[in-house]
Each structure stands twice: as C-alpha cells, then as structure tokens.
Amino acid sequence: MGNPTHIAFIMDGNGRWAKRRGLERSEGHAKGAQVAEATVRLCADHGIRYVTLFAFSTENWKRPESEVHFLFQLLSEYLLEHTEEMINKGVRIRFMGRMPGLSPALRELIRKIEARSLHCDRLQMILAVNYGGRQEICDGFRKLHEELNTRPPDQKEEILDTLSEGFYRYLYLPDVPAPDLIVRTSGEKRISNCLLWQSAYSELYFTDTLWPDFDERCFDAALKEYSGRKRRFGGLDEQPS
Ligand code: IPE
Ligand code: IPE
Ligand code: MG
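Below is a short write-up of the structure. Quick caveat, the model's predicted, so the values are computed rather than measured.

Our focus in this paragraph is the site of ligand 2. Taken together, I10, M11, D12, F54, A55, F56, S57, N60, R63, R184, R190 and S192 are the residues near ligand 2. Contacts to ligand 2 include R184, whose side-chain N or O atom sits 3.3 Å from an oxygen atom. Between an oxygen atom of ligand 2 and a side-chain N or O atom of S192, the distance comes to 2.6 Å. Calculation on ligand 2 without its partners gives an accessible area of 390 Å², and the protein chains cover 79% of this total. Using a 2 Å cut-off from the grid points, one finds that ligand 2 occupies the largest pocket. Among the elements that line the shell around ligand 2, the one with the most residues is strand 2 (residues 50–57), at four residues.

Of all five residues making up strand 1 (residues 6–10), five are buried, and the element is well covered by its neighbours. Burial of strand 1 is two-sided: the residues H6, A8 and I10 facing one way and the residues I7 and F9 facing the other way are all buried. Here five bridges tie strand 1 to strand 2, and the two strands are oriented parallel to one another. Paired with H6 across the strands is Y50, a residue of strand 2. By the bridge criterion, four bridges tie strand 1 to strand 5 (residues 181–184) in an arrangement that is parallel. Pairing of I7 across the sheet is with L181, part of strand 5.

In the structure shown here, the tally under the stated rule is 20 salt bridges. For the salt bridge of R151 with E147, the shortest nitrogen-to-oxygen distance reads 2.6 Å. Connected via shared salt-bridge partners are D12, R16, R184, E188 and R190.

M11, D12, G13, N14, G15, R16, R25, H29, A55, N60, R63 and L71 make up every residue found near ligand 1. Here an oxygen atom of ligand 1 sits 2.9 Å away from a polar atom, N or O, in the side chain of D12. R16 has a polar side-chain atom sitting 2.7 Å from an oxygen atom of ligand 1. Look at ligand 1: alone it shows 380 Å² of surface, and the protein chains cover 86% of it. Given that more than half its atoms are within 2 Å of the pocket grid, ligand 1 belongs to the largest pocket. Taken together, the elements giving at least two residues each to the shell around ligand 1 come down to helix 1 (14–20) and helix 2 (25–45). Examining the composition of the shell around ligand 1, we find that three residues originate from one element, helix 1, more than from any other.

With that settled, the discussion passes to the nonpolar core. By size, the foremost hydrophobic cluster in this structure holds 44 residues, and its most contacted members are F9, V40, L53, Y78, L79, M125 and L127. Of all the elements, helix 3 (residues 65–88) adds the most residues to this core, at eight residues. Discounting chain neighbours no more than four positions away, the residues touching L127 are L53, L75, L79, I93, R94, F95 and M96. With 14 residues, the next largest nonpolar core counts Y50, M96, Y172 and I182 among its residues.

Before going further, it helps to examine the environment of D121. Structurally, D121 can be placed in the loop between helix 4 (104–116) and strand 4 (123–131). Apart from residues no more than four positions distant in its own chain, D121 is found in contact with R49 and G90.

Right, let's get into helix 2. With 21 residues, helix 2 should reach 30 Å at 1.5 Å per residue; the first-to-last C-alpha distance of 30 Å fits that figure. Every buried residue of helix 2 is accounted for by G28, H29, G32, A33, V35, A36, E37, T39, V40, L42, C43 and A44. Once helix 2 finishes, G47 follows within two positions and takes phi at roughly 75°, a positive value.

A contiguous patch of negative charge on the surface is contributed by D154, E157, E158 and D161. Along the chain, the position of D161 falls in helix 6 (residues 153–161). Judged by relative accessible area, D161 falls into the exposed class, the value being 62%.

Definitions and limits used
- Residues numbered from 1 in each chain as written.
- Chains lettered and ligands numbered in written order.
- Predicted model: local features only at pLDDT ≥ 70, side-chain atom pairs only at ≥ 80, totals over all residues.
- Heavy atoms only, no water.
- Near = heavy atom within 4 Å.
- Polar contact = N/O pair within 3.5 Å; in protein donor to acceptor, adjacent residues only side chain to side chain.
- Areas by Shrake-Rupley, 256 points an atom, 1.4 Å probe, with all protein chains shown as cover.
- 1 Å grid on protein atoms, 1.4 Å probe; cavity = no way out; pocket = protein on both sides within 12 Å on 5 of 7 lines; lining within 4 Å.
- Sits in = over half its atoms within 2 Å of the grid points.
- Helix = DSSP H or I, 4+ residues; strand = E, 2+ residues; numbered from the N terminus.
- Buried < 20%, exposed > 50% of the residue type's maximum accessible area, 1.4 Å probe, protein only.
- Pairing = 2+ DSSP bridges.
- Salt bridge = Lys/Arg side-chain N within 4 Å of Asp/Glu carboxyl O.
- Core = buried A, V, L, I, M, F, W, Y, C linked by side-chain atoms within 4.5 Å.
- Contact = heavy atoms within 4.5 Å.
- Expected span 1.5 Å × (residues − 1).
- Patch = residues over 30% accessible without salt bridge, like charges linked within 9 Å, V, L, I, M, F, W, Y side chains within 5 Å.
- Lys, Arg positive; Asp, Glu negative; His and termini not counted.
- Charge placed at Lys NZ, Arg CZ, Asp CG, Glu CD.

This is the structure we're talking about:
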C-alpha cells in the first residue's frame, strides 16, 4: 500500500517529556509545538494531502487554568509565526472543533488564517482545537435535526435510510476524507475522543515515543508500518473471480 492520504496525530506525552527532564510541563508543550511544525513539513515532503493535529480536546479544559492559558497562548504564537511560510509552501490551514468555546480574538485569527490559506492545495493542515469526537457527532445530530424539520416526509425517510453513509456531511469538515492512519504517541493505547466517526476503518499506530521526541525516523517508521497493513473494509483480501 502507498502512503496514506490523510494522517491524524494524537500528539501526546509533552508533560511526561518535560517531567523526565526536570522541566515545567509548559516546556514540553513548547517543544511539542516545534515538533508539530516539523511534522507538517514531513507530511508535505511525503505527498500527504491531509494532516490532522489533535491540539486541544474538549476534555483538556479540566487541566489547571495556567496550563490551558499557556496552550492557547502557544497556539496563537505558532499561528502568527508560521502561517506565512506555510501558505508559501502551499499548506491550507483549517480548524475543527467547537469554535464558540474559543476566545473572540482566537476565533478572529482563525477566520483570517482560513480565508488567507483557502487557495493552498498542496497539503491541508487541520488543527483540532476544542475538539471532541462525541461533541462533533452531537453537533452533527443537531444539524441533521434542523435539516429534517425543513424536509417533507418522503425526503426525511430517504435521509434517514442512508444515514450511515450520509451522516458524514453533518460533521465539521465533510469534504475532508477519513484518516487512513491515526498515530498516537506516548504509549497510551486509546483514541481519547479523537475523530470517532471518521476512525471506523482507520489504521491505528501506537508508539512509546513521547511527542516532543517524534522525529523523521519515527515518522518513517509509522509510514513503513502502514504500508505493510492490509485494509479490507470488511471485504476480502483478494476478490474471488
Ligand atoms: C499532549 O501532551 C498535549 C495536550 C494534550 C494538549 P500532554 O500534556 O497530555 O502530556 P502528558 O500526557 O501529560 O505526558
Ligand atoms: C489526547 O491527549 C488529546 C490531545 C492530544 C489533544 P490527552 O493527554 O488529553 O488524553 P488522555 O487524558 O491521556 O486520554
Ligand atoms: Mg496526555
């Protein structure tokens, strides 16, 4: 199998990386942001078309306010510093998550960046911020409910009958294909509310490497493992003739 079209990264382990070095958690996040930037570059170099970076989950608000504040500060700085060069490299920048939960200033920055990079077509970088897979499905259900209210009964039936395929268009970014590969660092073997609907047939790759240590060698190892996987989507390896 060739390279994945879409890779999602659950960037985990910043805190443990810092702790092992006797540093503050924030220093792990700062290093993690640099690694995120380098990883996007690797994706572009490998012809990946979509990369999703899980940056802040709807559950991460449970952390101390100072850490949450630092993470959002870091996100804004990362965007202000790297947007221009990413646009020059053909990277379209998009966001996914509950935008109303973000500060007005960040929402405005997001709006501007999305508009400015709209024409870029080499790679789409999707930042999942205040994102939760369950919340996305619930928000999609709300959109569906509103739409059904506007439809006559026969159309309602048709939408409901084809919902397992059709529900995709009520998700946050319906034009983005499901991830072929989901990479989670730091040794945890769980999805933690990442892309629940979209991950139904994603290949999962777990590595003990902490996110701030994730480098080109780790990236290549994940792609190599993926290239050896057989995806069947419920079918058979070889179709009988
Ligand atoms: C990932 O690193 C960053 C975010 C979830 C925002 P963590 O901060 O979760 O690092 P650990 O899991 O505590 O090591
Ligand atoms: C998952 O990491 C979320 C992000 C990487 C943004 P967490 O550190 O929040 O996940 P849990 O708490 O270990 O499941
Ligand atoms: Mg963690």
